[in-house]
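Commentary on secondary and tertiary structure
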Amino acid sequence: MSFENLLNPLDLGFTTLKNRIMMGSMHTGIELLDQPFPRLAAFYGERAKGGASLIVTGGYAPNETGKIEEGGPIFNREADIADHQIITQRVHQEGGKILLQILHSGRYAKEDCIVGVSDIPSRINRRVPRVLTSEEIEQYIEDYANAAALAQQAGYDGVEVMGSEGYLINQFLALRTNNRTDQWGGSYQNRMRFAVEIVRRVKEKVGDNFIVMFRISAIDLVEGGATGAETVELAQALEQAGVTLFNTGIGWHEARIPTIAYMVPRGAWRFAIRNITDHVNVPVIASNRINTPEVAEDIVASGDAQMVSLARSMLADPHFANKVQDNRADEINTCIGCNQACLDFIFQHKPTSCLVNPLAAREFDEEIARQTPTKTTSKKIAVIGSGPAGLSAANTAAQLGHSVTLYDSASEIGGQLNLAKKVPDKTEFYEMIRYYRTQLAKHGVELKLNTKADASTLKAEHFDDIIVATGIVPRIPDIPGVDHPSVVPYLDLLSGKAKVGKRVAIIGAGGIGYDVAVLLANGKSDCAPDTDEFLKKWGVDTAMTHPGGLLPDGPQFHPAAHEITMFQRKPGPMGRGLGLTSGWVLKAELEMTGVQCIPGVSYKKIDDDGLHYAIDGVDHVLAVDNIVLCSGQDSFNTLHRELEAEGIQAHLIGGAAAAKELDALAAVSQGMEIAEQI
Ligand code: NAP
Ligand code: SF4
């Protein structure tokens, strides 16, 4: 496929961007580590080296009350200019351009004393904000302008004024957060004033040859949010005030509609972005769930936007743009939208990383390590098992110059990833397998599929190192009657080997239990999320005539294709082990399709009458056609034991080493680490 539109330079008049690929702003948590500026320089520098024409930093507050949390990034003193120059110089050396994002979090700040436009708390932060006075508002506008001036002195190519996602500027705009009666509240004209004044005052300070980007909320997805017409009115006023280009944001943080997780179709929000593009004369940048060059090219080619913003996709592959440029798109390590190591880490107060690229945000440490090179002698290595742990180990070892043979008894690589990709909405796993397939070929890994490696064969081959990544076997719970014909192991269901009847019980409510419930609720497998269906079921008003772009009737989910009941032994709410920023979506979806959840059970038996269980000593029976076992896994390490018996040392990784709490994130990291240690 040709990516000519994506690779076309964008002339902004006073400066030109070399392509249409921008790295969007992200909370990285790097700002809170030791030596944050050299670390950030390495992080952004790697993305500039990888060909992104423009980069936006994580948000810097223009004043003390704007910080997201205690110790959060702020840029309001000349004394900090030299630190920021470490970032800007590095990005410029690598041939990129970089903007400082100015973000005031308003009532979203995770601090005890927070400020707001009005005294209305948010549903994601129950603290009641102190209402800003008119004098403070005037000062805040000045603070934004000062931050922009400081950014200019620090060598940034421009600023992005963060006006979306429900932060302070959004809080001025929407009636849900603004009930003021002065010149900053009431009419839309008054509510827009803060945003427009900021842009006007920033322009006054920085002049015409400095990028002033405004991140506008293309659709708020909250009650009392903007209509499409109001968003256009704001965009036009901001253009008049001097915005160079618009970036777009989708949904406030408190929205109850998923906006970026894997179940959101790629490019799902194009209609909302187009609404802005059609009504302004400056370039518009599309964002959210743009993870492949094909989608990006289509967005630019169609005219929905003039440029694309990739954020998580740049964690997954810092060299995304160069690979597009060099006709190596099949080598892109694609963001699978899992949120597991990026957003979920940030919520756990850890620096960001990436499931498919554990090196993300570790660039500085890697650069330090490379300064003291260790001599690697090429070794002959066997990796047994081509699930995520084995693939990662084989790929890393081959990249380091080792001669690698990868064995798998299956006919294709991927292991459990081949099951994950069949779960509705999880088709991004196809990309992960495609990436590894390309990598293995590129780095000359010898692939022995349909081959069961045993201890004697491996011994005969005289490998220098053996990595055993043979994965897991599903756990069969100790329940009388577990061998009843109605019982189906999850592997058989996900692989399509077994079918189930109308009424289904699921034993176990971990990640796999939820995957199985989603599959049964959908009634079909192996399907990517569909944009029309997604927007319809979540009640999104694509005409954007209703406030926030929400249809008055709310979400409209089809009833589940099966009558599904999920069980777990632990008391209390189910789904606690799911991803922090994606689990709520699964739970909401299943609840809206009518799936029942029964925690705190003890299983009694399975027979022709169904599943017998007790809660608090009271016996129950649920008549079902089938019972799907999703009761966790045990390690499958027979080969490792055989090797030990032969006196052969081998490294045991992934599920084969520890099945409990193992997932693709841990598997990929472990595979990489073991290969680096060899
Ligand atoms: P899991 O998360 O350990 O869940 C196993 C479930 O089975 C639990 O609900 C557990 O609850 C139950 N269970 C355990 N032993 C049992 C027994 N002897 N008898 C009856 N019930 C039993 O395992 P998983 O769901 O198979 O997932 C495996 C790994 O893949 C996990 O780390 C998971 O996070 C990951 N994964 C993640 C996702 C995701 O959405 N992020 C998706 C798929 C898989 P009780 O003990 O309370 O009954
Ligand atoms: Fe994408 Fe998952 Fe990596 Fe986050 S952790 S950047 S969602 S692949």
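Residues numbered from 1 in each chain as written. Chains lettered and ligands numbered in written order. Predicted model: local features only at pLDDT ≥ 70, side-chain atom pairs only at ≥ 80, totals over all residues. Heavy atoms only, no water.

With that out of the way, let us pick up the site of ligand 2. Around ligand 2 lies a shell formed by Arg 312, Leu 315, Cys 335, Ile 336, Gly 337, Cys 338, Asn 339, Ala 341, Cys 342, Cys 354 and Leu 355. Tallied by class, the residues present in the shell around ligand 2 amount to eight nonpolar, two polar and one charged. (Near = heavy atom within 4 Å. Nonpolar A, V, L, I, M, F, W, Y, C, P; charged D, E, K, R; others polar.)

Bringing unusual backbone geometry into the picture now. One non-glycine residue with positive phi stands out, namely Asn 339, at about 65 degrees. One can find Asn 339 in the loop between helix 11 (320–325) and helix 12 (343–347). (Helix = DSSP H or I, 4+ residues; strand = E, 2+ residues; numbered from the N terminus.)

If you check the domain split of the protein, you get domain 1 (4–368), domain 2 (376–473 + 635–677) and domain 3 (477–524 + 561–631). Averaged C-alpha coordinates put domain 2 and domain 3 at centres separated by 31 Å. Roughly 730 Å² of surface becomes buried between domain 2 and domain 3 when both sides are summed, with 66% attributable to carbon and sulfur atoms. Counting the surface domain 2 buries against domain 3, the share from its top three residues, Leu 419, Val 423 and Pro 424, is 61%. Between domain 2 and domain 3 we count one salt bridge in total. Asp 515 serves as the salt-bridge partner of Lys 426, at 3.0 Å between the closest nitrogen and oxygen. Connecting domain 2 to domain 3 are one residue pair in polar contact (both at pLDDT 80 or more). (Domains from an automatic or database assignment. Buried area = accessible area lost by both parts, 1.4 Å probe. Salt bridge = Lys/Arg side-chain N within 4 Å of Asp/Glu carboxyl O. Polar contact = N/O pair within 3.5 Å; in protein donor to acceptor, adjacent residues only side chain to side chain.)

Attention shifts here to the side chain of Asn 418. Its place among the elements puts Asn 418 in helix 15 (residues 417–420). Side-chain polar atoms of Asn 418 contact the side chain of Lys 421, separated by 2.9 Å. Not counting the four nearest positions on each side in its chain, Asn 418 is found in contact with Glu 412, Ile 413 and Ile 433. (Contact = heavy atoms within 4.5 Å.)

Moving on, we come to the nonpolar core. The nonpolar side chains of soluble globular proteins are, as a tendency, buried together. Membership of the largest hydrophobic core comes to 184 residues, with the highest contact counts inside it found for Phe 194, Phe 214, Leu 238, Phe 246, Trp 269 and Met 566. With residues near it in sequence (within four places) discarded, Leu 238 still touches Ala 195, Val 196, Val 199, Phe 214, Ile 216, Val 243 and Phe 246. (Core = buried A, V, L, I, M, F, W, Y, C linked by side-chain atoms within 4.5 Å. Buried < 20%, exposed > 50% of the residue type's maximum accessible area, 1.4 Å probe, protein only.)

A word on the side chain of Arg 191. Inspection of the secondary structure puts Arg 191 in helix 6 (residues 188–206). Put simply, Arg 191 is tucked away with no salt bridge, and the nearest opposite charge, on Glu 230, sits 4.4 Å away. Apart from residues lying up to four places away in sequence, Arg 191 is in contact with Phe 172, Leu 173, Ala 174, Leu 175, Asn 178, Trp 184, Gly 185, Gly 186 and Glu 230. (Lys, Arg positive; Asp, Glu negative; His and termini not counted.)

Under the defined criterion, the tally for this structure stands at 45 salt bridges. Between Asp 208 and Lys 203 there is a salt bridge, with the nearest N and O atoms lying 3.7 Å from each other. Look at Asp 208 and you get exposed, because its relative accessible area is 58%. When its relative accessible area of 17% is taken as the criterion, Lys 203 is described as buried. The shortest N-O distance in the salt bridge between Arg 274 and Asp 278 comes to 3.0 Å. Residue classification places Arg 274 among the partly exposed positions, given a relative accessible area of 27%. In the salt-bridge network here, residues are joined through shared partners; they are Glu 138, Glu 142, Glu 197, Arg 200, Arg 201, Glu 204 and Lys 205.

Secondary-structure assignment places His 402 in the loop between helix 14 (388–399) and strand 14 (403–407). Taking the relative accessible area as the measure of exposure, His 402 reaches 5% and is therefore buried. Expressed as a C-alpha distance, the spacing of His 402 and Ser 378, which sit 24 residues apart in the sequence, is 4.6 Å. Ignoring sequence-local partners within four residues, the contact set of His 402 consists of Thr 376, Thr 377, Ser 378, Lys 379, Ile 381, Ala 397 and Ile 678. Here Lys 379 takes part through its backbone nitrogen, which lies 3.0 Å from a polar atom of the side chain of His 402.

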